[in-house]
Amino acid sequence: MSRTIWLIAMSLSCLALLPRVCVAQSVIADISSKEAVVDETLTVQVQVVNPTTASAPEPPKTPDFEIQMDTNPPGVNTMQSIINGAFSNRVTYTYRFYVRPKREGVLILPAFERRDGDQIFRSTPIKVRVGQPEQTEDVLCLIKSNGATAYVGQSVDLTMEIWIKKFHQRDIGTLQPESLWGLKDLRASSFGVFSNADLNRPGLRQSQRRDLDGNVQDYYVYILETTTFPAEPGKIDFSDIRITVNYPVELGQTMLSLRMIRKRTITAQAKGDPIEIKPLPGDGRPPDFSGAIGDYRITATAKPTDVPVGDPITLTYSIHGDGPLERLRPPKLDRVKSLTADFEISGESLGGEV
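Residues numbered from 1 in each chain as written. Predicted model: local features only at pLDDT ≥ 70, side-chain atom pairs only at ≥ 80, totals over all residues. Heavy atoms only, no water.

Participant: Would you take a moment to explain the overall build of the chain for this structure?
Facilitator: Looking only at helices and strands, the chain features three helices and 24 strands. At 31 Å, the chain has a C-alpha radius of gyration far larger than the 20 Å of a compact globule built from 354 residues. For the chain, the proportion of its 354 residues judged to be buried stands at 31%. Sequence-distant contacts in the chain: of pairs separated by 6 or more residues, those separated by 24 or more amount to 67%. When the accessible surface of the chain is split by element, carbon and sulfur atoms take 49% of a total near 22700 Å². Taken together, the 40 basic and 43 acidic charged side chains of the chain have centroids lying 8 Å from each other. (Helix = DSSP H or I, 4+ residues; strand = E, 2+ residues; numbered from the N terminus. Rg over C-alpha atoms; globule rule 2.2 N^0.38 Å. Buried < 20%, exposed > 50% of the residue type's maximum accessible area, 1.4 Å probe, protein only. Contact = heavy atoms within 4.5 Å. Areas by Shrake-Rupley, 256 points an atom, 1.4 Å probe, with all protein chains shown as cover. Lys, Arg positive; Asp, Glu negative; His and termini not counted. Charge placed at Lys NZ, Arg CZ, Asp CG, Glu CD.)

Participant: Help me understand the nonpolar core in this model?
Facilitator: Considering soluble globular proteins, one finds that nonpolar side chains tend to be buried as a cluster. Residues Met 160, Ile 162, Ile 164, Leu 180 and Phe 194 are the most contacted members of the largest nonpolar core, which totals 34 residues. When residues of this core are traced back to their parent elements, those giving at least two are β12 (139-145), β14 (156-165), α2 (177-181), β18 (216-228), β20 (242-253), β21 (258-269) and β22 (275-278). Sorting elements by how many residues they give to this core places β14 first, with five residues. In contact with Ile 164, not counting residues within four places along its chain, are Asp 138, Val 139, Leu 180, Trp 181, Tyr 219, Tyr 220, Tyr 222, Val 245 and Tyr 247. Formed by 22 residues, the second largest nonpolar core is a distinct cluster that contains Ala 29, Val 46, Phe 121 and Val 130. (Core = buried A, V, L, I, M, F, W, Y, C linked by side-chain atoms within 4.5 Å.)

Participant: What should I look at first to understand empty space enclosed by the protein in this one?
Facilitator: If you roll a probe as big as a water molecule over the atoms, it shows you where there is empty space left. Within the structure shown, the criterion is met by one cavity of 30 Å³ or more. Size it by volume and the largest cavity reaches roughly 60 Å³. As for the largest cavity, its lining consists of Thr 41, Glu 66, Ile 67, Gln 68, Tyr 98, Val 99, Arg 100, Arg 187, Ala 188 and Arg 242. Looking at the lining of the largest cavity, the elements that each hand over two or more residues are β5 (65-69) and β7 (86-101). Residues that form the lining of the largest cavity fall into these classes: four nonpolar, two polar and four charged. (1 Å grid on protein atoms, 1.4 Å probe; cavity = no way out; pocket = protein on both sides within 12 Å on 5 of 7 lines; lining within 4 Å. Points joined across faces, edges and corners; volume = space filled by probe spheres on them. Nonpolar A, V, L, I, M, F, W, Y, C, P; charged D, E, K, R; others polar.)

Participant: What should I look at first to understand the sheet that holds strand β13 (residues 149-151) in this one?
Facilitator: Strand pairing in a sheet is mediated by backbone hydrogen bonds. Such pairs are either parallel or antiparallel. Taken together, three strands build an open sheet; the order of strands is β13-β22-β19 and the sheet is mixed. The open sheet has two edge strands, β13 and β19 (234-236), and neither has a second partner. Neighbouring strand axes in the sheet, compared pairwise and without regard to direction, differ in orientation by 30° on average. Across three bridges, β13 lies against β22 in parallel orientation. Opposite Ala 150, over in β22, you have Ile 277 as the bridge partner. (Pairing = 2+ DSSP bridges. Axes fitted to C-alpha atoms, helices over the stretch in contact; angles between N-to-C directions.)

Participant: Could you clarify how one ought to interpret the confidence of the model for the chain in this entry?
Facilitator: If pLDDT is low for a region, its predicted coordinates should not be looked at in detail. A residue-level look at the chain finds 91% of positions with pLDDT of 70 or above and a mean pLDDT of 86. For the chain, helix α1 (residues 2-17) is the element with the lowest average pLDDT, namely 45, and strand β8 (residues 105-109) is the one with the highest, namely 97. pLDDT under 50 marks residues 1-18. Its contacts with residues more than four places away, or in other chains, come to five contacts. (pLDDT = per-residue confidence, 0-100.)

Participant: Explain the pairing of β20 to me, please; I cannot follow it from the model alone.
Facilitator: Remark: a regular strand shows side chains that alternate across the two faces of the sheet. For β20, the buried fraction is high: nine of the 12 residues fall into the buried class. In textbook terms, the turn of a hairpin is the stretch between consecutive antiparallel strands, and for β20 and β21 this stretch comprises four residues.

Participant: Is there a simple way to think about the environment of Lys 184 in this case?
Facilitator: Following the sequence through the fold, Lys 184 ends up in the loop between α2 and β17 (203-210). Between the alpha carbons of Lys 184 and Ile 164 there is a distance of 10.0 Å; along the sequence they are 20 residues apart. If we ignore the near neighbours within four places in the chain, the residues touching Lys 184 are Leu 199, Thr 244 and Val 245.

Participant: Hey, could you run me through the sheet that holds β8 in this one?
Facilitator: Pairing is mixed across the open sheet formed by three strands, whose spatial order is β3-β11-β8. Two strands bound the open sheet, and with one partner strand each, they are β3 (35-37) and β8. Neighbouring strand axes in the sheet, compared pairwise and without regard to direction, differ in orientation by 35° on average.

Participant: Would you explain the layout of surface pockets in this entry?
Facilitator: Reported here for the second largest pocket is a volume of approximately 860 Å³. Residue lining of the second largest pocket: 30 residues in total, with Pro 133, Thr 265, Ile 266, Thr 267 and Ala 268 positioned closest to the centre. Top element by residues in the lining of the second largest pocket is β21. It accounts for seven residues. Residues belonging to the lining of the second largest pocket are distributed by class as follows: 11 nonpolar, 10 polar and nine charged.

Participant: What am I meant to see in the side chain of Asp 116 here?
Facilitator: Following the sequence through the fold, Asp 116 ends up in strand β9 (residues 113-116). Polar side-chain contacts of Asp 116 include one of 2.4 Å to the side chain of Thr 52. The residues touching Asp 116, leaving out its near neighbours within four places in the chain, are Gln 25, Pro 51, Thr 52, Thr 53 and Phe 121. (Polar contact = N/O pair within 3.5 Å; in protein donor to acceptor, adjacent residues only side chain to side chain.)

Participant: How should I be thinking about the pattern of salt bridges in this particular structure?
Facilitator: When the charged atoms of two side chains lie near each other, side chains of opposite charge can form a pair. Within this structure, the stated rule accounts for 13 salt bridges. Residue Arg 100 is joined to Asp 39 by a salt bridge in which the shortest nitrogen-to-oxygen separation is 2.8 Å. Of this pair, Arg 100 sits in strand β7 while Asp 39 sits in the loop between β3 and β4 (42-49), placing them 61 residues apart in sequence. Between Glu 161 and Lys 144 there is a salt bridge, with the nearest N and O atoms lying 3.3 Å from each other. Separated by 17 residues along the polypeptide, Glu 161 in strand β14 and Lys 144 in strand β12 bring together distant segments of the chain. For Glu 161, a relative accessible area of 5% translates into the label buried. Salt bridges linked by common partners bring Asp 39, Glu 66, Arg 100 and Arg 242 together as one network. (Salt bridge = Lys/Arg side-chain N within 4 Å of Asp/Glu carboxyl O.)

Printed below as a string of C-alpha cells:
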C-alpha cells in the first residue's frame with residue numbers, strides 16, 4: 001500500500017515539474033443543422049473554453065432568430081494531456097441554446113459573446129439556410145375556452161388539444177400513444193398558460209380528420225386542461241403557445257427498444273379564437289367591493305356575543321370559492337353601513353391566510 005502511495009506521489013511530482021502549455025480561452029458555437037425551415041427549433045451548443053470564472057455567454061440580439069437559453073446547468077469537461085513533454089489543462093463549459101429562424105433566406109446567426117475581465121471572446125457567426133415549411137397537419141394544437149369574453153380576475157377554463165397523426169411502419173407497426181407523446185420536445189415548446197398542466201398524464205382519445213389532400217387520417221388527441229385568471233384587460237390570443245414534436249420518418253428496432261433513424265422537427269402554433277378580457281364595470285359596484293369575482297360562500301362568526309357597550313368583539317370572516325383567493329383583499333367592513341351604524345370598526349389592516 002505504501003509503495004502505491006509513493007508511486008502516485010512521484011507521478012504528481014513529475015507532473016508539477018513538467019513545463020505547462022497555456023490553453024487559450026475561446027468561445028465555440030456549433031448548430032444542430034445549417035438547413036432549417038421557418039419556426040423550426042434548432043439547438044446551438046456553445047463551448048466556453050478555459051474561462052477564469054464560469055458564466056454563460058451572451059446570446060446575440062438579432063431580428064432573424066428567436067433565441068432561448070436552456071435553464072439546465074452547463075456540461076463540464078476537463079481534459080489533461082502531455083504533448084512533447086509539456087503539460088496542458090483544458091476545461092470546457094458547454095451551454096445549450098434553442099434558436100428559431102423567423103424568416104426564410106440565408107440568415108446569419110451572429111456571434112455569441114463572453115466578457116472575461118477586460119477581454120471579449122466571440123464565437124464564429126453561423127450561416128443558416130432557411131426555407132418555408134412544408135404544409136403539414138401531422139401535428140396540430142387547438143385551444144378551446146368556455147367563453148369568448150371574461151372580466152379581469154374571472155376564471156377562464158381552457159382546453160388544449162394536441163393532435164398527432166399516428167405513425168405506422170410496416171416492420172414495426174403503429175406507435176403506441178405513449179411513445180408518440182414521448183417525442184414532444186419540451187424545451188423547444190412553449191405551453192403558455194398551460195405550463196402548470198400535467199404534461200405527464202394528458203387526457204387521450206382517438207379521432208380522424210382530413211389532411212390537406214382530403215384524405216382521412218388517424219390521430220391521437222392529447223388533452224390538457226387549465227384554469228387561468230387574467231389580471232389585465234386585453235386579449236388572450238395564445239400566440240405564445242407552440243408545440244414541437246420530433247416526428248419520426250424512419251425507426252429502427254434493437255433488441256431492447258426502438259431508435260430514431262430519421263425524423264422531422266414539426267412545430268405547431270396554437271390555434272384558437274381569442275378571448276376578450278374586459279375591465280370590471282364601475283357602475284353599480286358596491287362600496288365594500290374587495291375584488292371577489294366568481295362564485296363564493298361567505299361565513300362570519302363573532303365572539304363574544306354578549307358584552308358591555310365599548311368592549312371589543314372579534315369577528316372571523318371566511319370566504320370559500322373557486323377564484324384566486326390569494327388575490328383577494330380584506331373586506332372593507334368600515335364601508336358597510338349596516339355594520340358601522342351600530343359598531344365602531346377598527347382601522348387596523350386586516351390579515352388573513354388562505
